[in-house]
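# Observations on chain architecture
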Amino acid sequence: HVHILARLLKKIHPVRFLESQMAALLMSFKAWLDGEPEELNTDRPSEEQMHQYELAEKAHQALFHAAEQLASRLSMTLGVGTISDNRLSQALLNFMQEGIRFSFEGDTNVEDDLLLGTRLPFLTILSKYSTWIRKNKSHCEVLGRFLFAKEAALRAHPDFDEVHQDDLRCIRDFQESLGLSESKMRRLSQELSKTQDESHDGTLLRATATPGSSTRSIGSRRPQSTAGSQRSRLSVQSNLSPLMESPEDREIDPGHESPSPQKRRRLTNSLPELNESAIADEESGIDSDY
């Protein structure tokens, strides 16, 4: 019955179909964030303490693997081959953009004390849907520009040096999952920069490094342990940003190891703003096709 309802919802209301999937993925990701084991408060832990710590660490890793598996299963519900339904294709693009936005900015309606970059591992979960985006070149390029803009704002943040290396690798891995090579990202960033230069009389907030540059050269500022202090609580159910609906949707509507170590520093909700007019123009161009 669940599979029948899923197919029916995908057909009559693809936006709601993907919103429900995003909610499920964020809940699973929240469980991983909240499940980080407590750091041992002694320099000489007993064998029993070390044993319990190792068990908690394995359980934490299992939570992330479970989130990845959930994303893989949900992605398979989109079907096989290419997506022929234009409404579903556009809804998937919005779904991916919302996932990227959450990964970089979190929930802008809720204040928390998570370290900048803490949510970047969500890109690893989101990458399970990348195969669908790779089949649509125009959508792939839109996401490439959107991703570049978010990364540029992250790199311009005053606390960027404290973003953990494991989290930054999630950006590179996500780009690769979309088939966005370093050369493609450089081309997209140059196109975006040129458009922004023209719209701002030559003024552009540029990243401190291009997407093609290696993030692994920045030294780690935390232990490489995959476990530590428990993260602060993160609400993802009541503040889920809705996906954009197409006019057709509104008419139809009837009525691995754990990717990163502990993080406790506050996440600033307002990343430096970057003009994304090129992205908006690209999205409006795609919307007009549908």
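None of the values given here were measured: they were computed from a predicted structure. (Residues numbered from 1 in each chain as written. Predicted model: local features only at pLDDT ≥ 70, side-chain atom pairs only at ≥ 80, totals over all residues. Heavy atoms only, no water.)

Across its full length, the protein carries 11 helices and 0 strands. Listing each helix as α and each strand as β along the protein from the N terminus yields α-α-α-α-α-α-α-α-α-α-α. For the protein, with 290 residues in total, the buried portion stands at 48%. Accessible area of the protein: about 14,200 Å², with a carbon and sulfur share of 51%. (Helix = DSSP H or I, 4+ residues; strand = E, 2+ residues; numbered from the N terminus. Buried < 20%, exposed > 50% of the residue type's maximum accessible area, 1.4 Å probe, protein only. Areas by Shrake-Rupley, 256 points an atom, 1.4 Å probe, with all protein chains shown as cover.)

We now examine helix α8 (residues 165-177). Between its first and last C-alpha, α8 extends 19 Å over 13 residues, near the 18 Å set by a 1.5 Å rise per residue. Where burial is concerned, most of α8 is hidden: 10 out of the 13 residues are buried. By the burial criterion, the buried members of α8 are Q165, D166, D167, L168, C170, I171, R172, F174, Q175 and S177. Note on α8: the residue one or two positions beyond its end, G179, has a positive phi of about 75°. (Expected span 1.5 Å × (residues − 1).)

For C140, the position within the fold is in helix α7 (residues 137-156). For C140 and L93, which are 47 residues apart along the polypeptide, the C-alpha to C-alpha distance reads 8.6 Å.

Attention shifts here to the nonpolar core. Among the nonpolar cores identified, the biggest contains 49 residues, and L92, F95, M96, I100, F122, Y129 and L154 are the most heavily contacted of them. Elements that contribute at least two residues to this core include exactly α2 (14-34), α3 (47-76), α4 (86-105), α5 (122-126), α6 (130-134), α7 and α8. For I100, the contacting residues outside a window of four places in its chain are L123, L126, L143, F146, L147, K150 and F174. (Core = buried A, V, L, I, M, F, W, Y, C linked by side-chain atoms within 4.5 Å. Contact = heavy atoms within 4.5 Å.)

What follows concerns α7. Under the 1.5 Å per step criterion, the end-to-end length of α7 is 29 Å for 20 residues, consistent within 8% with the ideal 28 Å. Counting buried residues along α7, 17 of its 20 residues qualify, which places the element largely inside the surrounding structure.

Contact geometry for α4 and α7: axes closest at 10 Å, N-to-C directions at 15°. Classified by the interaxial angle, the pair formed by α4 and α7 is roughly parallel. The interaxial crossing formed by α4 with α7 has right-handed handedness. On α7, the residues touching S89, Q90, L93, M96, Q97, I100, R101, F104 and E105 of α4 are H139, V142, L143, F146, L147, K150, E151 and L154. Classifying every residue of the contact of α4 with α7 by side-chain character gives 9 nonpolar, 4 polar and 4 charged. (Axes fitted to C-alpha atoms, helices over the stretch in contact; angles between N-to-C directions. Parallel < 35°, antiparallel > 145°, perpendicular 65-115°, else oblique. Left-handed = near helix turned anticlockwise from the far one by under 90°. Nonpolar A, V, L, I, M, F, W, Y, C, P; charged D, E, K, R; others polar.)

A separate point is the packing of aromatic side chains. Two measures describe an aromatic ring pair: the distance that separates the ring centres and the angle between the ring planes. Under the defined criterion, the tally for this structure stands at 6 aromatic pairs. Geometrically, the ring pair formed by F102 and F122 is edge-to-face, given 5.3 Å between the ring centres and 75° between the ring planes. With F102 in helix α4 and F122 in helix α5, this pair connects stretches of sequence that are 20 residues apart. An identical accessibility class is assigned to F102 and F122; each is buried. Here the aromatic cluster, defined as three or more aromatic residues joined through ring pairs, consists of F29, W32, F64, F102 and F122. (Phe/Tyr/Trp six-rings, centres within 6.5 Å; stacked < 30°, edge-to-face > 60°.)

What follows deals with the confidence of the model for the protein. Summing up the model confidence of the protein, the mean pLDDT is 74 and the portion of residues at 70 or higher is 63%. Per-element confidence in the protein ranges from a low mean pLDDT of 46 for helix α10 (residues 247-252) to a high of 98 for α5. When the criterion is pLDDT under 50, residues 263-270 qualifies, and its contacts beyond four places in sequence or with other chains add up to 34 contacts. Low pLDDT (under 50) marks residues 286-290, which in the prediction has 12 contacts with non-local residues, meaning those over four places away or in another chain. (pLDDT = per-residue confidence, 0-100.)

We now examine the environment of L93. Turning to its location among the elements, L93 is positioned in helix α4. For L93, a relative accessible area of 0% gives the class buried. The sequence separation of L93 and I133 amounts to 40 residues, and the corresponding C-alpha distance is 7.5 Å.

Further remarks concern the packing of α2 against α4. Running from amino to carboxyl end, α2 crosses α4 at an angle of 25°, the nearest separation of the two axes being 9 Å. With respect to α4, the axis of α2 lies roughly parallel. Relative to α4, the crossing made by α2 is right-handed. Of the residues in α4, those touching α2 at P14, V15, F17, L18, Q21, M22, L25, L26 and F29 are R87, L88, A91, L92, F95, E98, G99 and F102. When the residues that make up the contact of α2 with α4 are grouped by side-chain class, the tally is 13 nonpolar, 2 polar and 2 charged.

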